[in-house]
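Commentary on secondary and tertiary structure
Below, each chain spelled out in residue letters.
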Amino acid sequence: MGRTITQKIFAAHTRDNPTPDNVVLDIDVVMCHEITTPIAINDLAARGMDKVFDPAKIKVVIDHVTPSKDSKTATQAKILRDWARRQSIKDFFDIGQNGVCHALFPEKGFVRPGNTVIMGDSHTCTHGAFGAFAAGVGTTDLEVGILKGVCSFRMPKTLLVNVNGVMPTGVSAKDVILKIVRSLTVNGATDMVMEFRGEVIDTMSMEARMTLCNMAIEAGGTCGVCMPDRVTAEYLWPFIKENYATIDEAVQDFRQWHSDVDAKYEGQFSLDVSSMVPQVTYGFKPDEVKDVSEMEGTPVDQVYIGSCTNGRIEDLRAAAVILAGHKLADGVRGILSPATPLVYSQALAEGLIRQFMEAGFCVTNPTCGACLGMSNGVLAAGEVCASTTNRNFNGRMGKGGMVHLMSPMTAAATAVTGKITDPRKFL
Amino acid sequence: MKEFGGSIICLNRSDINTDEIIPAKYLTENSKEALKPYLLEDLKLDGFDPASETLEKAGVIVTRANFGCGSSREHAVWVFEVNEINVVIAESFARIFRQNMFNCGMLAVELKKAEIDQIMAAGDGASIKVDLKGSRIVVAGDNEKSFTFSLNSFDRDLVEAGGWLAYADKKY
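Here the residue numbering is sequential within each chain, running from 1 through the sequence in written order. Working convention: letters from A go to chains and numbers from 1 go to ligands, in the order in which they are written. pLDDT decides what is reported in this predicted model: residues at 70 or higher carry local features, side-chain atom pairs at 80 or more are listed and counted, and totals for whole chains, interfaces and linings draw on all residues regardless. Calculation of side-chain values draws on the structure's entire complement of heavy atoms; hydrogens and water are dropped beforehand.

1. Quick notes on the packing of helix H4 (residues 95–103) of chain B against helix H6 (residues 153–161) of chain B
Residues and elements named next belong to chain B. Going by this rule: Angular values range over 0 to 180 degrees, each being the angle between N-to-C directions of two axes fitted as lines to C-alpha atoms, with helices fitted over their stretch in contact. Each helix is a run of H or I in the DSSP string that is no shorter than four residues. Each strand is a run of E no shorter than two, and both are numbered from the N terminus. Between 65 and 115 degrees an angle is taken as roughly perpendicular, under 35 as roughly parallel, over 145 as roughly antiparallel, and anywhere else as oblique. Pairs of residues are marked as contacts when any of their non-hydrogen atoms sit within 4.5 Å. When residues are sorted by character, Ala, Val, Leu, Ile, Met, Phe, Trp, Tyr, Cys and Pro go into the nonpolar class, Asp, Glu, Lys and Arg into the charged class, and all the rest, Gly among them, into the polar class.
Running from N to C, H4 and H6 point in directions that differ by 45°, and their axes come no closer than 8 Å. Judged by the angle between their axes, H4 and H6 are oblique. Mapping the contact onto sequence places Gln99, Phe102 and Asn103 in H4 and Asp155, Leu158 and Val159 in H6. The residue makeup of the contact of H4 with H6, split by class, is three nonpolar, two polar and one charged.

2. Observations concerning the interface of chain B and chain A
Formally: Here's the idea: put two parts together, see how much 1.4 Å probe accessible area each one loses, and the total over both is what we call buried area. In what follows, salt bridge is the name for a side-chain nitrogen of Lys or Arg lying within 4 Å of a carboxyl oxygen of Asp or Glu. Think of a polar contact as two N or O atoms within 3.5 Å of one another; within protein, one of them needs to be a possible hydrogen donor and the other a possible acceptor, and neighboring residues in sequence only count if both atoms come from side chains.
Listed per partner, the contact involves 45 residues of chain B and 57 residues of chain A. Summed over both sides, the interface between chain B and chain A buries roughly 4100 Å², with carbon and sulfur atoms accounting for 53% of that surface. Summed over the three residues of chain B that lose the most area to chain A, namely Arg95, Leu165 and Tyr172 of chain B, the buried surface amounts to 18% of that side. Inspection of the region where chain B meets chain A yields nine salt bridges. Two residues, aspartate 16 of chain A and lysine 171 of chain B, come together in a salt bridge whose shortest N-O distance is 3.2 Å. Our count for the contact surface shared by chain B and chain A stands at 24 residue pairs in polar contact (both at pLDDT 80 or more). Here the residues of the side of chain B that touches chain A are counted per class, giving 15 nonpolar, 15 polar and 15 charged.

3. Here's the deal with the packing of aromatic side chains
Which entries qualify depends on this criterion: Centres within 6.5 Å are what make two rings of Phe, Tyr or Trp a pair, Trp counting through its six-membered ring; a difference in plane orientation under 30 degrees is then read as stacked, over 60 as edge-to-face, and the rest as tilted. Two limits define a charge over a ring: the Lys NZ or Arg CZ must be within 6 Å of the ring centre, and within 35 degrees of the ring normal.
Scanning all chains against the criterion turns up 19 aromatic pairs over all chains. Chaining the aromatic ring pairs together yields one cluster made of Phe67, Phe80, Phe93 and Phe97 of chain B. When the ring centre of phenylalanine 110 of chain A is taken as origin, the NZ or CZ atom of lysine 59 of chain A, which lies over that ring, is 4.3 Å away. Sitting above the plane of the tyrosine 282 of chain A ring, lysine 290 of chain A keeps its charged end 4.7 Å from the centroid.

4. Considering the environment of threonine 421 of chain A
Residues and elements named next belong to chain A. Locating threonine 421 in the fold gives a position in the segment after helix H16 (408–417). Counting along the chain gives 124 residues from threonine 421 to glycine 297, while the straight-line C-alpha distance between them is 6.7 Å. Setting aside its immediate chain neighbours within four residues, threonine 421 contacts Val292, Glu296, Thr410, Ala413, Thr414 and Phe426. From its side chain, threonine 421 meets the backbone oxygen of lysine 419 in a polar contact 2.6 Å long.

5. Structural notes on the environment of methionine 155 of chain A
Residues and elements named next belong to chain A. Note on placement: methionine 155 falls in the loop between strand S8 (150–154) and strand S9 (157–164). Along the sequence, methionine 155 and threonine 410 sit 255 residues apart, while their C-alpha atoms lie 39 Å from each other. What methionine 155 contacts, discounting residues up to four positions off in sequence, is Asn17, Pro20, Asp21, Asn22 and Val23.

6. Thoughts on the packing of helix H13 (residues 313–323) of chain A against helix H14 (residues 341–349) of chain A
Residue and element names in this part refer to chain A. To keep it simple, the criterion reads: Crossing handedness is read from the near helix: turned anticlockwise from the far helix by less than a right angle, it gives a left-handed crossing, and turned clockwise, a right-handed one.
Remark: H13 packs on H14, axes separated minimally by 9 Å, with the N-to-C direction vectors making an angle of 35°. Here H13 runs over H14; the crossing is right-handed. Residues Ile313, Leu316 and Arg317 of H13 lie in contact with H14, whose contacting residues are Val343, Gln346 and Ala347.

7. Some points on the pattern of salt bridges
Inclusion rule: Only protein chains enter the accessibility calculation, which uses a 1.4 Å probe. A residue is then buried if its area is under 20% of the maximum for its type, exposed if over 50%, and partly exposed in between.
Per the counting criterion, the structure on display carries 37 salt bridges over all chains. A salt bridge links aspartate 422 of chain A to arginine 424 of chain A; the nearest nitrogen and oxygen atoms lie 2.7 Å apart. For aspartate 422 of chain A, a relative accessible area of 7% gives the class buried. Judged by its relative accessible area of 34%, arginine 424 of chain A falls in the partly exposed class. Among the charged side chains, a salt-bridge network with shared partners connects Arg64, Glu91, Lys113 and Asp117 of chain B.

8. What to know about the state of the cysteines
Spelled out, the test is: Any two cysteine sulfur atoms within 2.5 Å of one another count as a disulfide.
Tallied over the entire structure, the rule returns zero disulfides over all chains. Here cysteine 151 of chain A stays unpaired: no disulfide links it, and the sulfur of cysteine 32 of chain A, its closest cysteine neighbor, is 12 Å away.

9. Overview of the pairing of strand S2 (residues 22–26) of chain A
Residue and element names in this part refer to chain A. Which entries qualify depends on this criterion: In short, DSSP must find at least two bridges between two strands for them to pair.
Among the five residues of S2, four are classified as buried, and the element is accordingly described as predominantly covered. When strand S1 (residues 14–19) meets S2, the two strands line up antiparallel, connected through three bridges. From the neighbouring strand, threonine 19 faces S2, where its bridge partner is asparagine 22. Between the antiparallel neighbours S1 and S2 lie two residues.

10. Section: H4 of chain B
For H4 of chain B, the buried fraction is high: nine of the nine residues fall into the buried class. Among the residues of H4 of chain B, Arg95, Ile96, Phe97, Arg98, Gln99, Asn100, Met101, Phe102 and Asn103 of chain B are the ones counted as buried.

What follows is the structure in C-alpha cells.
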C-alpha cells in the first residue's frame, strides 16, 4: 500500500516504537525562541543536564519581544544568548539579525524536504511548506529535543486538502486558509497532518504556501504540508546548490518525499477557489469567518501588517498595491512589522517602506510584535484591530480588544477607509 | 505514585484556548510558581469568576471539546500544576496541550459527551477520585458514579515515570 509524505518521513526518522500507536522520531532541526526555551534551559541546568545533542541542529532566535521591553524580557533574552554561546550554537540570531522565527529560519535555508522539525511554538507547522514534518511542542518536548534529539508523536493520520480552481484577483493564500479553517472548524484536523494538494498549491509561491501551512494549527492540525517541487527547489537553491548539479536534479530528488498515488488518507476536503471572495474573522475563534461583504463597514482603530503568517515580502507588496496613493483614514493607527531583516531591506530597496510611511504607518523592527500582545501594538479595551496575524482569541492583542484576521490586501484596504473593506475595490 | 483527583470545577464550554488559560503577557516569567495568580484570568464564560473559591479549591477541571487549543505554551499546564490541579477531564483535547499534560506526568482524560454531562450535573465542588490502575473516574456522592476511560499505554508510562524527561533520560 502507498504511503503519505508524512508516513515516509516518519519511517525514515523512527528511533523507537514504544507502542504501535506511538513513535519516537529523530529530529533534524530544533528551533528555539526566547519565550518557551529559557525555562527549558534553566530546568535542564538545574538537573545537571546542561548540554545539547548537536549544536548544528539547533537554531535560535529572539523574536517575540525584541528589543527587550523590561527586565523580565531582558532576562529571557540573556538566558538564551548565554546558552547559545555556552553550547557553541552558531545559528543564533540576536537583535539586528533577528526576525520572526517562521519567516527567518526558512529564509536561512534551515528546513529541507523530508526533515523533522520541532519548536516550542504552535506555528512551527509553517515549515511543512517545504515538504517537512514540522510540529509545535511544549517546553518538556523541547528539553528532550535539545538534550537527546528525539520527540514522541502519535502515528500520523493525514487529511487530504485539495485546493483547485483559479485564484480570483484580490484573493490570497490567507483567504484560502481562513476559508478552510471556517469549513473544518478549530478542531477539524486535530491529531492530523493537513496535506495541501491541487493546482492552486502547485502554482503558489513558497511565501503563500507558508501562509497556508502556518494556520494548519488553527484547525487543530499537527502540521500542514506541501509536496516539495520546483518552487521549493528554486527557493532553497542558494543552500542546496552544492548537493545537486542542477535544479532539475533537486526536483527529481525531492520526489522521494511525495505521497504515493495510492496513499491512504484519514479524510478528504476539497475547495474550489474560483468563486471565492476575501475572508475576515468576526469572533474570538479563527473558524469564526465570514465573507468580507458581511463584515464591511466595521470600524477599526488599528491595522497591523506583519507576523509569521503575513509579514513576508510578498505580503508587503500586496498591501502596497492597495495603499498606492492613499493614506491611513483619520483616527486609524497603522503598524507594519516586516518579518525579517531581509524582508525589511527588500522593502526598503523597492520603495515599499517609504510608501507605508507616507501613508502614515509606523514601521517597527522585525518582531512578533502586536500579534500576541506581549510587546508593542497592544490594544486598549474596546479597541478593534484589522490584522494579518493568525489568532483572534479573546484578549490576545490586549485585554478587551477585538482582532479581525484578514489578508494583507484586505488590511490595507481597511487602513485606507478606516472600516473593514473589500480590497477588490482598490484593484 | 502521584494521587490524581480532588474537587472539580466545570468549565462548560468547548474550544477553551491557551490564551484564556494563561495570557501571553505572563510568559515573561521564568518560574512556574510565578504563574499561580493568573490561572484562567481571561476565560470568557458566563458566570465564571477566576477569583472564585471553587477554582482555588479545585483539583480537577471538567470541560468540553478541544480543550487547550492555540499556543504550544506548557505554561498552560504548569499554571494548573502550581494551583494543584493535576487532572483535566474533557470530551477532547488539542494535541499539544494533551501531550504537555502527559509530558509533565499529569492526566488528560477523555470521556464521551454524555458522561461529561453526568459529571457536570454533580456540580462544582463535587469530589472525584481517579483509579489509574483500573482506568476509572469515580464521582463521590449519595449515588456514587464511575466512568471508565481508555489511556494509551505510552501516555500511562509517561505518567508513571513522572513525565517525558525522566522517561527519555532513561531510555534514549
